[in-house]
Amino acid sequence: MSERKVRVRFAPSPTGPLHIGGVRTALFNYLFAKKNGGDFLLRIEDTDQTRYVPGAEAYIIESLKWSGMDIDEGPENPGTCGPYRQSERKEIYHEYALQLVQSGDAYYAFDTPEELDAVRTAHEEKKETFTYNAATRMSMRNSLSMDAAEVEKLLAEGVPAVIRFKMPTDQEVSDTDLIRGKVKFQASLLDDKVLYKADGMPTYHLANVVDDYLMNISHVIRGEEWLPSLPLHILLYEKLGWTSQRPQFAHLPLILKPVGKGKLSKRDGDKLGFPVFPLEWKDPQSGDISRGYREDGYLPEAFVNMLALLGWNPGTEQEIFTMDELCEVFSLERVTKSGARFDPEKTKWFNHQYVSTLDNSKLVELFMPTLLAEGVDVSGLDLERVVGMVKERVNFVNELWEQTSFFFVDPISYDPKVVKKRWKEAVPGYVTEIKEVVAAVDNWNAADIKSAVSDLVNSKEWGFGLIMNALRLAIVGGGFGPDLFDICEIIGKEATLRRLDNAIQNIQR
Ligand code: GLU
C-alpha cells in the first residue's frame, strides 16, 4: 500500500431528496476516512441542469449533519480544491476534453438529437439496438468520419458538437475492486460515451474523473450501479496520463426491498409504509410530502447504526455501535458483495435499543416539546423518574406520551375491555375501603402505600391480583403502565385519592 493520504468523497447529484442508500454510501465513505485518518469531502455533481431540483443540496447537507457525519471539505466549508459544486467548475473541464481530442482518444460528433433518434428507430425496426461505437462511428457525422476541413468549418461556425470518447476496440480493462476483487471488461463491448456536451457542460463521466483527480481522491466508494462505468473511468485516467494517481475503487452492494428481491427504490417508502429518506421532504413542484426517519421519531444514532449494518458486518455478534466505535472497526474487507435486505422491523428495534438506554435527562429534553404541546403542568414532577420508568416500553420518543399521560392528567375514560374483565361487582366497595387506608398513609412513598394496601387485602382475603388490576384501572384508566405504587407516589396523595373516588363514582360496569 502506498503512503497516500486517504481522501474520499461523497458525490451526490442534487436531483431530489437523498435516498437511504445514498446516506449509506456517504456513511461508508465517512467511516473509511475516519478509520484511516483521512478526509471526507462532499462534492455536488450538478452538471445535468435539467435534473436539478431546488432545495436538494441543502437537504443533502442537512441529512449528513443530522446523521452525525462531519464534512471536512464541501460547498459550505471549502478546502483548497474548490469549488465543490461542479456547476461552478465548468471552465475546468473543457481543456481535458480537448486534450483527449488532441491525443486521438476523443472526437467531435455533430449528430443532432433527431439524427440519433432516426438511427435508433431504424435499428429497432430491424430488431437491433443502436450503439455509438467502433462498429457504427464511421457511419455517423463526426471528426473521425468527416474530413478535417469540414470539421474545422463546422466548429468555426459554432455548429453544436459533443465530444465523445473513442473506446478502444482491442483492450481488456481490469481492476481490483476493494469489495468485489478482480473485475474485467472488454472495451470493444462498450460505447463511445459523450464526455462533453454541446451546451458547454461536461457529462458525469468526465467531470467525475477530472474532479477525483484534481481533488486528490484516493478511494472511490460508491454504489454498485456505477460498476458499468468503471472501465470508461479507468480508460480516462489512462488516456489523461493519470494512472499512477488513480483512486482505488470499491462498489457497494445494493440495498434490497424487505422481501429480499429488487432494489429498494424511492417509491417503496410510500408503498411499504416506512420512510426511505433520512429527513422529511416536500417536493417543490407537487408539494407532496415524503416521510423521513427524523420526523418519524428515529434517533440519528439508531438510524446510522442500522445503516452501517446494511452490507457491512463487524465479524462478531455485536450489533450496537456508536459512530466512534464504527469509525474504529469499519473496514471495506467486511463489506459484502451481495445485496443487503432492508428490514423495517429491525430498524425499529435499533431505535428501541437507543431510546431505552438513553440518559433520562436527555430523554426528558426530547420529550419536553410534547409535554408543552399537551399543555400539562409538570412542576414538582420528577420527569426523569417518569421517563425512566417507561422507556423500556417504547420504540420512539413520540410514544412516550401515551405511556405517561396518566402521570400528568387524571383518566377521562376507562378502557371498556379492562372494565368488563376487572371491575367486578364487589370492586367499588373494596376500593372505598382501600381509599381509607391509603388516606391514612403518613409517609407518602411506594413502599408504605403498598404495605397499607397489602395489609388490608390480606386481612380481607380479597385477592391481590383482583385488587391491583382494579386499582390500576382507577389510577391509569387501563391495564398498562409501570409499577402502580410508584405511579401513586409520583402523582401524590391528593391525585391518588381523587382518582379512586372518580373511579368509584364513574366506572359503569
Ligand atoms: N453523481 C453520482 C451519483 O449521483 C456519483 C457517482 C460516483 O460516486 O462516482 O451517485
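A.B. asks: I tried to follow the pairing of strand 8 (residues 219–223) on my own but got confused; where do I start?
C.D. replies: One face of the sheet, then the other: side chains in a regular strand alternate in exactly this way. Taking burial as the measure, the five residues of strand 8 include five buried ones, the bulk of the element. Sheet topology note: the strand 8/strand 9 (residues 248–252) ladder contains five bridges and is parallel. Bridging from a neighbouring strand, Arg222 pairs with His251 of strand 9. Read as a crossover between parallel neighbours, the route from strand 8 over helix 7 (residues 230–239) to strand 9 is right-handed.

A.B. asks: Would you mind showing me how to read the environment of Thr243 here?
C.D. replies: Summarising the element assignment, Thr243 is placed in the loop between helix 7 and strand 9. On the basis of relative accessibility, which here comes to 42%, the residue Thr243 falls in the partly exposed class. In this structure the C-alpha to C-alpha distance between Thr243 and Tyr213, which are 30 residues apart in sequence, comes to 9.9 Å. Once you skip the residues sitting within four places of it in the chain, Thr243 turns out to touch Tyr237 and Glu238.

A.B. asks: Even after reading the chapter, I still don't get the site of the ligand, so can you show me in this structure?
C.D. replies: Taken together, Arg9, Ala11, Ser13, Glu45, Tyr204, Asn208, Arg222 and Trp226 are the residues near the ligand. Within the backbone of Ala11, an N or O atom sits 2.8 Å from a nitrogen atom of the ligand. A distance of 3.4 Å separates an oxygen atom of the ligand from a polar atom in the side chain of Trp226. Compared with its free state, where it exposes 300 Å², the ligand has 83% of that area covered by protein. More than half of the atoms belonging to the ligand lie within 2 Å of the grid points that define the largest pocket. Within the shell around the ligand, the residues separate by chemical class into three nonpolar, two polar and three charged.

A.B. asks: I'm lost on the environment of Glu328 in this one. Help?
C.D. replies: Structurally, the position occupied by Glu328 is in helix 10 (residues 323–329). Residue Glu328 is classed as exposed on the basis of its relative accessible area of 59%. On a C-alpha basis, the gap between Glu328 and Lys34 in space is 7.9 Å, while along the polypeptide they are 294 residues apart.

A.B. asks: It is not clear to me how the environment of Leu484 should be interpreted in this structure. Could you clarify?
C.D. replies: Here Leu484 is to be found in helix 19 (residues 484–491). Through-space distance from the C-alpha of Leu484 to that of Ala446 is 8.4 Å; in sequence the pair is 38 residues apart.

A.B. asks: Help me understand the layout of surface pockets in this model?
C.D. replies: The probe, sized like a water molecule, is rolled over the atoms to show the empty space still left. Looking at the largest pocket, its volume works out to about 1100 Å³. Looking at the largest pocket, it is lined by 40 residues, and the ones nearest its centre are Pro12, Ser13, Thr15, Glu225 and Trp226. Counting only elements with at least two residues in the lining of the largest pocket, the list comes to strand 1 (7–10), helix 1 (20–35), helix 6 (204–214) and strand 8. Sorting elements by how many residues they give to the lining of the largest pocket places helix 1 first, with five residues. Class assignment for the residues of the lining of the largest pocket results in 16 nonpolar, twelve polar and twelve charged. In terms of lining residues, the second largest pocket is bounded by 22 residues, among which Pro17, Phe277, Trp281, Asp283 and Ser290 are the most central. Looking at the lining of the second largest pocket, the elements that each hand over two or more residues are helix 8 (268–272) and strand 12 (289–290). Considered class by class, the residues forming the lining of the second largest pocket number eleven nonpolar, five polar and six charged.

What counts and what doesn't
Residues numbered from 1 in each chain as written. Predicted model: local features only at pLDDT ≥ 70, side-chain atom pairs only at ≥ 80, totals over all residues. Heavy atoms only, no water. Buried < 20%, exposed > 50% of the residue type's maximum accessible area, 1.4 Å probe, protein only. Helix = DSSP H or I, 4+ residues; strand = E, 2+ residues; numbered from the N terminus. Pairing = 2+ DSSP bridges. Right-handed = clockwise from strand over helix to strand, strands pointing away. Contact = heavy atoms within 4.5 Å. Near = heavy atom within 4 Å. Polar contact = N/O pair within 3.5 Å; in protein donor to acceptor, adjacent residues only side chain to side chain. Areas by Shrake-Rupley, 256 points an atom, 1.4 Å probe, with all protein chains shown as cover. 1 Å grid on protein atoms, 1.4 Å probe; cavity = no way out; pocket = protein on both sides within 12 Å on 5 of 7 lines; lining within 4 Å. Sits in = over half its atoms within 2 Å of the grid points. Nonpolar A, V, L, I, M, F, W, Y, C, P; charged D, E, K, R; others polar. Points joined across faces, edges and corners; volume = space filled by probe spheres on them.

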